[in-house]
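Here is what each chain is made of, one letter per residue.
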Amino acid sequence: MSVETLERPEAARAVGTDFDAIVIGAGFAGLYALHRLRKSGHAVRLLEAGSGVGGTWYWNRYPGARVDIESHEYSYSFDDELQQEWVWSERYPAQPELMRYLNHVADRFDLRSDIQFNTRVTVARHDEDRACWLIQTATGERFSARFCVMATGLLVAPNKPEFPGLDGFKGRQFHTAQWPRENVDFSGRRVGVIGTGSSAVQSIPLIAEQAAHLTVFQRTPAFCIPANNRPNTSENDQALKARYAELRHIEHEISFGGFFLTNSRIELPTLTTYADATPEQRLAEFERRYQSGGLNCYSTYSDIVTNREANDALGDFVRNKIRQRIKNPEVAEKLIPRGWPILTKRLCADTNYYETYDRDNVSLIDVKDTPIEGFTPDGILVNGTEYPLDDVVFATGFDALTGSLTRIDIRGRGGRSLKDEWAQGPRTFLGFMVEGFPNLFMMNGPGSPGAVFQPVLLGQFQGDWLADCFDWMRLHQRRSIEATEAAQDEWIRHCNEVAEATLFPEANSWYMGANIPGKARVILIYLGGFLEYRRRFNAASDEGYAGFTLTA
Ligand code: NAP
């Protein structure tokens, strides 16, 4: 579908627009945007490619898929009755429970009446004369709206490397992010998993339990910490819910990660630096965070991603823990991450991941120095050796942050293409708007802190800001808002400056765009923390939308 299709005369015949806003994507952020904008009296239509709500959680239904942020935090806070009434079954809910939750939210707030499912948006073009967006779908349907809100997700566009010979492979192929809806049975089969990031770390132990043999092809070992998942007992649930308002307040007042709940006790990030602690205190702090489980090690010291000594110490600490979990020392050495600072690639929260490599039916193939050469009809070829396989699972990640936007043909003023403009890396103001693309908003977009904070909370924050902005524009009869070039340049300068002060640029992570061949290597997330992000965001609106141009 090309942009030209939209330029046919009949495409522009409507004088008014179909909607005030079109929201694209029915994940956490999109559902909230729909709810919030509708509440302010705006006519909104949400378009969703899938057949149901869920966004990332709709597509990522691979074995073992579960969130690694605490359930009481990874959930909406905008409605107290909802958060009081909903009872999570576990500390880290699995994908089916997250889907039940989001379906419940959609029903409870009657969101479905304004959602059109099975509708993949392929083109979004700004019409300057009418100051609106023309949206076109894969089936040729067209919509127009003053505002276009991209709630298309951070980790959505799958990365599937184009290995030579893949088309001729006779076995079944799966990607963790495009998992079939029906049950996939690996019983009696020789399965290969490519990748050892979070998705692989969650699925490998379960696939290994079913498969006749599992071969894992590992390029970069990850740092994994036991998730310590556990049931949410009613005692725990009640204790937390009694303090929910306080917990949500805390959540809003910390910059990274969130709160951790250990036996109903709240653990907050340590605000002191590594240098402030004695060697004994440091070890005790690492141990305490490690035992609490999951992503808690992010909260050890305030300089853990900026101070090399602190970071190395935590890295060594976790490496020792990994060694202790694997019986075979040769395999253990292969699984030890080296050569990049811990936390600069996403930490993985695991359940029985390392122990799985002690199983007789699991083998680990290192493809760092000798990359996968390609596929034969019967398996994968590495260093001249063929590994025969019936099934291959691509756990090869995503074209993160930008991929879900650039796969849509987005055209701003004068037909400017977002994809072309971002060839050297995304350019945004606050990870939210782009100069040259008026009335286009991105939730949890590139240059925002969502990926290192709490995407549900950020989505709510941005949804509230959007609703206030639209109300203000309606009241003041403005029809268009756009980031200024100066504000955008300053934001990018600030993002880069903050990132340069950390160890993040050293890792070949998706945060840096380094996981996708040919993608520009720039920081894709804001590392200055939510508090600073919120301050700058609110300052813009408090100062009469400084950094934006508004036209009457
Ligand atoms: P990922 O972290 O990007 O991992 C992809 C894996 O595939 C990496 O090990 C990568 O190796 C490997 N790979 C890619 N191309 C390859 C190639 N050509 N040959 C060999 N190996 C290749 O992707 P993910 O595991 O899907 O996770 C992405 C993010 O989603 C996570 O970081 C996390 O933020 C989120 N996530 C969260 C959860 C959760 O909440 N529990 C679960 C799943 C995902 P390299 O490292 O060498 O590139």
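A short tour of the structure in this document, coming up. (Residues numbered from 1 in each chain as written. Predicted model: local features only at pLDDT ≥ 70, side-chain atom pairs only at ≥ 80, totals over all residues. Heavy atoms only, no water.)

1. Considering the overall build of the protein
(1) Moving on: In terms of helices and strands, the protein carries 17 helices and 22 strands.
(2) Moving on: Since a compact globule built from 552 residues should have a radius of gyration of about 24 Å, the 24 Å found for the protein is in line with a globular shape.
(3) Moving on: Each principal axis of the C-alpha distribution contributes one length, and for the protein these read about 70 × 55 × 45 Å.
(4) Moving on: Partitioning the contacts of the protein with sequence separation of at least 6, the portion at a separation of at least 24 is 71%.
(5) Moving on: Of the accessible surface of the protein, which amounts to about 21,900 Å², a share of 49% is contributed by carbon and sulfur atoms.
(6) Moving on: Here the protein contributes 59 positively and 72 negatively charged side chains, and the mean placements of these two sets differ by 2 Å. (Helix = DSSP H or I, 4+ residues; strand = E, 2+ residues; numbered from the N terminus. Rg over C-alpha atoms; globule rule 2.2 N^0.38 Å. Contact = heavy atoms within 4.5 Å. Areas by Shrake-Rupley, 256 points an atom, 1.4 Å probe, with all protein chains shown as cover. Lys, Arg positive; Asp, Glu negative; His and termini not counted. Charge placed at Lys NZ, Arg CZ, Asp CG, Glu CD.)

2. Let's talk about the side chain of Asn 311
(1) Moving on: Locating Asn 311 in the fold gives a position in helix α10 (residues 308-325).
(2) Moving on: The contacts of Asn 311, once residues within four sequence positions are left out, are Ile 304, Val 305, Pro 341, Ile 342 and Leu 503.

3. So, the packing of helix α16 (residues 485-500) against helix α17 (residues 530-542)
(1) Moving on: Here α16 crosses α17 at 170°, and the two axes come no closer than 14 Å. In terms of axis orientation, α16 runs roughly antiparallel to α17. Here Glu 490, Trp 491 and His 494 of α16 come into contact with α17, specifically with Glu 532, Tyr 533 and Arg 536.
(2) Moving on: A per-class count over the contact of α16 with α17 returns two nonpolar, one polar and three charged. (Axes fitted to C-alpha atoms, helices over the stretch in contact; angles between N-to-C directions. Parallel < 35°, antiparallel > 145°, perpendicular 65-115°, else oblique. Nonpolar A, V, L, I, M, F, W, Y, C, P; charged D, E, K, R; others polar.)

4. Looking at the nonpolar core
(1) Moving on: In terms of nonpolar packing, the biggest core is built from 132 residues, with Tyr 76 and Tyr 533 touching the most fellow members.
(2) Moving on: At 10 residues, helix α15 (residues 455-475) tops the list of elements feeding residues into this core.
(3) Moving on: If we skip the residues at most four places from it in the chain, Tyr 76 touches Gly 27, Phe 28, Leu 31, Tyr 32, Leu 82, Gln 83, Tyr 101, Leu 102, Val 105, Arg 248, Val 456 and Gln 460.
(4) Moving on: By size, the runner-up hydrophobic cluster in this structure holds 21 residues, among which are Ile 135, Cys 148, Leu 418 and Trp 422. (Core = buried A, V, L, I, M, F, W, Y, C linked by side-chain atoms within 4.5 Å. Buried < 20%, exposed > 50% of the residue type's maximum accessible area, 1.4 Å probe, protein only.)

5. Some thoughts on helix α6 (residues 198-210)
Structurally, the α-helix is built with 3.6 residues per turn, so residues lying three or four positions apart point the same way.
(1) Moving on: The sharpest bend along α6 measures roughly 35° and falls at Ile 204, with the proline Pro 205 sitting one to four residues further on.
(2) Moving on: Looking only at α6, the buried set comprises Ser 199, Ala 200, Val 201, Gln 202, Ser 203, Ile 204, Pro 205, Ile 207 and Ala 208. (Bend = angle between axes of the 7 residues up to and from the residue.)

6. Here's the deal with the pattern of salt bridges
Opposite charge on two side chains permits pairing when their charged atoms draw close.
(1) Moving on: Taken as a whole and judged by the stated rule, the model has 39 salt bridges.
(2) Moving on: The closest approach of N and O atoms between Glu 246 and Arg 243, which form a salt bridge, is 3.0 Å.
(3) Moving on: Using a relative accessible area of 39% as the deciding quantity, one classes Glu 246 as partly exposed.
(4) Moving on: Several salt bridges converge on common partners, so that one network encompasses Glu 490, Arg 493, Glu 497, Glu 532, Arg 535 and Arg 536. (Salt bridge = Lys/Arg side-chain N within 4 Å of Asp/Glu carboxyl O.)

7. Observations concerning the sheet that holds strand β17 (residues 385-388)
(1) Moving on: The antiparallel open sheet is built from three strands, whose spatial order is β15-β16-β17. The open sheet has two free edges, formed respectively by β15 (372-376) and β17, since each of these has just one partner strand. Strand-to-strand twist in this sheet, taken as the mean axis angle between neighbours without regard to direction, amounts to 25°.
(2) Moving on: When β15 meets strand β16 (residues 379-382), the two strands line up antiparallel, connected through four bridges. Bridging from a neighbouring strand, Phe 375 pairs with Ile 380 of β16. (Pairing = 2+ DSSP bridges.)

8. Here's the deal with the site of the ligand
(1) Moving on: Looking at the ligand, there are 23 residues lining it, with Arg 66, Ser 199, Arg 219, Thr 220 and Lys 345 nearest.
(2) Moving on: Contacts to the ligand include Ser 198, whose backbone N or O atom sits 3.0 Å from an oxygen atom.
(3) Moving on: Thr 220 places a polar side-chain atom, nitrogen or oxygen, 2.4 Å from an oxygen atom of the ligand.
(4) Moving on: For the ligand, whose free accessible area comes to 900 Å², the fraction covered by protein is 88%.
(5) Moving on: Among the elements that make up the shell around the ligand, the one with the highest residue count is α6 (three residues).
(6) Moving on: In the shell around the ligand, the residues fall into nine nonpolar, nine polar and five charged. (Near = heavy atom within 4 Å. Polar contact = N/O pair within 3.5 Å; in protein donor to acceptor, adjacent residues only side chain to side chain.)

9. Structural notes on unusual backbone geometry
(1) Moving on: Even without glycine at this site, Asn 228 takes up a positive phi of about 50°.
(2) Moving on: Along the chain, Asn 228 turns up in the loop between β10 (224-226) and α7 (234-242).

10. What about the packing of aromatic side chains?
(1) Moving on: Enumeration over the complete set of coordinates arrives at 51 aromatic pairs.
(2) Moving on: A centroid spacing of 5.1 Å and a plane angle of 70° characterise the contact between Phe 28 and Tyr 74, whose relative ring orientation is edge-to-face. Separated by 46 residues along the polypeptide, Phe 28 in helix α2 (residues 28-39) and Tyr 74 in the loop between α3 (56-59) and α4 (80-85) bring together distant segments of the chain.
(3) Moving on: You can call Tyr 74 buried: its relative accessible area is 9%.
(4) Moving on: Between Phe 28 and Tyr 101, the aromatic rings sit 6.2 Å apart at their centres with planes inclined by 35°, giving tilted as the arrangement. Here Phe 28 is found in helix α2, whereas its partner Tyr 101 is found in helix α5 (residues 95-108), with 73 residues between them in sequence. In this pair, the class of Phe 28 matches that of Tyr 101, namely buried. (Phe/Tyr/Trp six-rings, centres within 6.5 Å; stacked < 30°, edge-to-face > 60°.)

11. Let's talk about the pairing of β15
Consecutive side chains along a regular strand alternate between the two faces of the sheet.
(1) Moving on: With respect to burial, β15 is a largely interior element, four of its five residues being buried.
(2) Moving on: As consecutive antiparallel partners, β15 and β16 are separated by two residues.

12. Some thoughts on the sheet that holds strand β7 (residues 172-175)
(1) Moving on: Strand order in the open sheet made by the five strands is β7-β18-β8-β9-β14, with parallel pairing throughout. With partners counted over all chains shown, the strands left at the sheet margins are β7 and β14 (362-366), one partner each. Neighbour-to-neighbour, the strand axes of this sheet turn through a mean angle of 20°, independent of strand direction.
(2) Moving on: For strand β8 (residues 190-194) and strand β18 (residues 391-394), the ladder comprises four bridges, and the chain directions are parallel. Considered in β18, the bridge of Gly 192 is made with Val 392.

13. What about the packing of α2 against α15?
(1) Moving on: For the pair α2 and α15, the least separation of the axes is 9 Å and the interaxial angle reads 30°. Taken together, the axes of α2 and α15 are roughly parallel relative to one another. The two elements α2 and α15 cross, and the hand of that crossing is right-handed. In this structure, α2 uses Phe 28, Ala 29, Tyr 32, Arg 36 and Leu 37 to contact α15, whose residues at the interface are Val 456, Gly 459, Gln 460, Gly 463, Asp 464, Leu 466, Ala 467, Asp 468 and Phe 470. (Left-handed = near helix turned anticlockwise from the far one by under 90°.)

14. Some words on the environment of Leu 295
(1) Moving on: Secondary-structure assignment places Leu 295 in the loop between α9 (279-292) and α10.
(2) Moving on: Given a relative accessible area of 9%, Leu 295 falls into the buried group.
(3) Moving on: The sequence separation of Leu 295 and Gly 459 amounts to 164 residues, and the corresponding C-alpha distance is 21 Å.

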